[in-house]
There are 2 protein chains.
Amino acid sequence: MELFFTNAINTNQSEAEFDSFESQHILKTMRKSEGNSVHFTDGKGKLFQGRITETKPILRVHYKIVNQVPWPPPSHSILGIGFIRPSRLDYMIEKTTELGINKFYFYASRYTNYFTDNTSRWDKITRQAIKQSNRLYLPEITISPDFSNFLEAVSGVKHKFLADQTASKPLADVLNSLRKKSDEDIVFIIGPEGGFDENEIKLAQYHNFLPVSFSENRLRTETAAISAASYINLIRN
Amino acid sequence: MELFFTNAINTNQSEAEFDSFESQHILKTMRKSEGNSVHFTDGKGKLFQGRITETKPILRVHYKIVNQVPWPPPSHSILGIGFIRPSRLDYMIEKTTELGINKFYFYASRYTNYFTDNTSRWDKITRQAIKQSNRLYLPEITISPDFSNFLEAVSGVKHKFLADQTASKPLADVLNSLRKKSDEDIVFIIGPEGGFDENEIKLAQYHNFLPVSFSENRLRTETAAISAASYINLIRN
């Protein structure tokens, strides 16, 4: 199934419109035309199936709902990530969204050297990634003004981990116990390239984050983030 | 520790030379100069520490060996990957080398749409990735003329898996048992974007590959590859 995305949905008339970015994908790349059937999601748990009724000046589809999963999602898979080089951040968003991350927090901390607010670009990336992986949830992205603000925001999450190369607890030891709690919220913090300040680690521990090591080897921020998403995906499946 | 790489090592005189790519990194990016101390590896298990004796016309270092791990590596972490878009292949090589993959096979199969032999580019990427993650092994990359040729090449590997979205066995079920065999060779096959032909899956099964699913959702080839490397990394640590 080829999945498309729009949030311009008129529920009264069972009609949906697609923006130019999406129309391009549907008409040019996938070579659909008037009368053709398409599947699409609103990124909020609904799967629609419909028929293209118009392609100009705007792509319109008359639809019915064919599947619906709970919104908000029953469990949150969350990454908290220090800002990194924008191209690396983009790639990380794509890969981890495919793997099922549905909530991101990007924070600035003592040793972050970058700051970017590419919300509209990130929106395109997450849209493409949920379509690619046939997911019905568009991730939420929040920019946290600082590290402690981010820690407060996720204080209610049940399982909290901080990726730390120097931690004595290997992640493999905790993953098993998590598998039995596969419907509970999980958050992983991944540090920025420059690492954490000692006080930042203490603050995270005070907020009940457990430092775990993924590897004895130094991983780039986005590599650790994709690994964390892979591990959460393992628990969820 | 900042790690560099060279394989131009004169063992008789305990002298090493660095090519222009590496010299640039050492002198320009890391601002080293004559007399400074550097660490480097030959990518074959040796860690050297030395002092820069010359920077022009060529960067030379007088060294001693400070660490040595077995060569070839005691266990192989292998990925077999169908060709994908070159930029995505490059990125995959970088991430999975950081995560400890030390052997790659790139194969053409029925539904691969790409073929690239970027050996010299891949060499640069793996060099950068082992330096980044402080690893002493430079991965080997082999291009397999076809899928069955690749299967023959890895026939001696003990633990063989094929990533297949439709497989009934979730990977999580087998990872635990693997953890106790963390020093044995492992290979994961990741399909190309177009997936496998039915006969290719049968052939892999005939070669004792176990189909496992990473996710109910469709993952891009490079995403599945990075996940596989993350899972092997979990077992090895």
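Criteria and cut-off values
- One numbering rule holds for all chains: residues counted from 1, following each sequence as written.
- Here every chain gets a letter starting at A, and every ligand a number starting at 1, in the order they are written.
- Local features are withheld for residues below a pLDDT of 70 in this predicted model, meaning they are given only at 70 or higher, and side-chain atom pairs are given and counted only at 80 or more; totals for whole chains, interfaces and linings count all residues.
- The basis for every side-chain value is the complete set of non-hydrogen atoms in the structure, without hydrogens or water.
- Labels follow the DSSP assignment, with helices taken as runs of H or I lasting at least four residues and strands as runs of E lasting at least two, numbered in each case from the N terminus.
- Exposure categories follow from relative accessible area, calculated using a 1.4 Å probe and restricted to protein chains: below 20% of the type maximum is buried, above 50% is exposed, and the middle band is partly exposed.
- By the convention used here, residues are in contact when the closest approach between their heavy atoms is within 4.5 Å.
- Reported buried area values correspond to the accessible surface (1.4 Å probe) lost by two parts on association, with both partners' losses combined.
- The rule for a salt bridge is simple: a side-chain nitrogen of Lys or Arg has to be within 4 Å of a carboxyl oxygen of Asp or Glu.
- Between N or O atoms, a polar contact is any pair within 3.5 Å; within protein, one atom must be a potential hydrogen donor and the other a potential acceptor, and residues adjacent in sequence are included only when both atoms are from side chains.
- An automatic or database domain assignment supplies the residue ranges for each domain.
- When we speak of the arc, we mean the arc of directions from the helix axis to the C-beta atoms.
- Grid spacing is 1 Å over the protein atoms alone, the probe is 1.4 Å, and a cavity is where that probe fits but cannot get out, while a pocket is an open set with protein on both sides within 12 Å along at least five of seven lines and lining residues have an atom within 4 Å of a point.
- Grid points are joined across faces, edges and corners, and a volume is the space filled by probe spheres set on the points.
- Throughout, the ten residues Ala, Val, Leu, Ile, Met, Phe, Trp, Tyr, Cys and Pro are labelled nonpolar, Asp, Glu, Lys and Arg are labelled charged, and all others, Gly among them, are labelled polar.
- A pair of strands is treated as paired once DSSP finds two or more bridges between them.
- Think of each axis as a best-fit line through the C-alpha atoms, taken over the contacting stretch in the case of a helix, with angles from 0 to 180 degrees between the N-to-C directions.

Concerning unusual backbone geometry
Residues apart from glycine generally show negative phi values, whereas peptide bonds are mostly found in trans.
Residues and elements named next belong to chain A.
Piece 1. Here the amide bond leading from Trp 71 into Pro 72 is cis, since omega sits at -5 degrees, within 30 degrees of zero.
Piece 2. Along the chain, Pro 72 falls in the loop between β6 (59–68) and β7 (77–82).
Piece 3. With phi around 55 degrees, Arg 31 is a residue other than glycine that occupies positive phi space.
Piece 4. Tracing the backbone shows Arg 31 in the loop between α1 (20–29) and β4 (37–41).
Piece 5. Positive phi, normally seen in glycine, also occurs at Asn 208, with a value near 70 degrees.
Piece 6. Asn 208 sits in the exposed class, given a relative accessible area of 59%.

Some points on the interface of chain B and chain A
Piece 1. Each partner contributes residues to the interface: chain B has 34 residues there, and chain A has 35 residues.
Piece 2. A combined buried area of about 3,200 Å² lies between chain B and chain A, and 41% of that area is made up of carbon and sulfur atoms.
Piece 3. The interface formed by chain B and chain A includes 10 salt bridges.
Piece 4. With its nearest N and O atoms 2.8 Å apart, the salt bridge here joins A:Glu94 to B:Arg88.
Piece 5. For the pair chain B and chain A, the interface holds 31 residue pairs in polar contact (both at pLDDT 80 or more).

A closer look at the domain arrangement of chain A
All names here are of chain A.
Piece 1. Parsing chain A into structural domains produces domain 1 (3–68) and domain 2 (77–236).
Piece 2. The centre of domain 1, based on its C-alpha atoms, is set 32 Å off from the matching centre of domain 2.
Piece 3. In this complex, domain 1 contributes 14 residues to the contact, which on the side of domain 2 involves 10 residues.
Piece 4. Between domain 1 and domain 2 lies a buried interface of about 1,100 Å² when both sides are counted; carbon and sulfur atoms form 64% of it.
Piece 5. Looking only at domain 1, the three residues that lose the most surface to domain 2 are Leu 3, Phe 5 and Phe 21, adding up to 54% of its buried area.
Piece 6. At the junction of domain 1 and domain 2, the tally comes to three salt bridges.

Notes on the side chain of B:Ser109
Piece 1. Relative to the helices and strands, B:Ser109 is located in the loop between β8 (103–107) and α3 (119–132).
Piece 2. If sequence neighbours within four positions are ignored, B:Ser109 has contacts with B:Phe147, B:Pro192 and B:Glu200.

Focus on helix α5 (residues 171–179) of chain A
Piece 1. Regarding α5(A), the residues found buried are A:Leu171, A:Ala172, A:Val174, A:Leu175 and A:Leu178. End-on view of α5(A): buried residues confined to an arc of 160 degrees, all on one side of the axis.
Piece 2. In this structure, the buried residues of α5(A) make contact with β10 (159–163), β11 (186–190), β12 (210–212) and α7 (221–236) of chain A together with α5 (171–179) and α7 (221–236) of chain B.

Focus: empty space enclosed by the protein
Piece 1. The full count for this structure, using the stated rule, is two cavities of 30 Å³ or more.
Piece 2. For the largest cavity, the calculated volume is near 160 Å³.
Piece 3. Forming the boundary of the largest cavity are A:Ala172, A:Leu175, A:Asn176, A:Arg179, A:Leu234, A:Ile235, B:Ala172, B:Leu175, B:Asn176, B:Arg179, B:Leu234 and B:Ile235.
Piece 4. Mapped by element, the contributors of at least two residues to the lining of the largest cavity are α5 and α7 of chain A together with α5 and α7 of chain B.
Piece 5. Along the lines of polarity and charge, the residues of the lining of the largest cavity split into eight nonpolar, two polar and two charged.
Piece 6. Approximately 30 Å³ is the volume attributed to the second largest cavity.
Piece 7. Within the lining of the second largest cavity, the residues separate by chemical class into five nonpolar, two polar and no charged.

Considering the sheet that holds β12(A)
All names here are of chain A.
Piece 1. Reading across the sheet, the six strands line up as β9-β8-β7-β11-β10-β12 and stay open at both edges, with parallel pairing between neighbours. Two strands in the sheet have a free side with no partner beyond their single neighbour: β9 (140–144) and β12. Each adjacent strand pair in this sheet contributes to an overall mean axis angle of 20 degrees, direction not counted.
Piece 2. As paired elements, β7 and strand β8 (residues 103–107) share five bridges and run parallel to each other. Its bridge partner being in β8, Leu 79 is matched across the sheet by Phe 104.
Piece 3. Its contacts with the sheet put helix α2 (residues 86–98) on β7, β8 and β9, and the angle it makes with β8 is roughly 160 degrees.

So, the pairing of strand β4 (residues 37–41) of chain B
All names here are of chain B.
Piece 1. Summarising the sheet, strand β1 (residues 3–5) and β4 pair through three bridges and their orientation is parallel. In the sheet register, Leu 3 faces β4, and the bridge partner there is His 39.
Piece 2. Note: β4 against strand β5 (residues 46–54), five bridges, orientation antiparallel. By the bridge assignment for β5, Val 38 is matched with Gly 50.
Piece 3. Between the end of β4 and the start of β5, which pair antiparallel, lie four residues, with Gly 43 showing a positive phi angle near 75 degrees.

Some details on the sheet that holds strand β3 (residues 15–18) of chain B
Residue and element names in this part refer to chain B.
Piece 1. The strand order β1-β4-β5-β6-β3-β2 describes an open sheet built from six strands, whose pairing is mixed. With partners counted over all chains shown, the strands left at the sheet margins are β1 and β2 (8–10), one partner each. Strand after strand, the sheet turns through a mean of 40 degrees between neighbouring axes, direction not considered.
Piece 2. Along the sheet, α3 makes contact with β1 and β4, crossing β1 at roughly 155 degrees.

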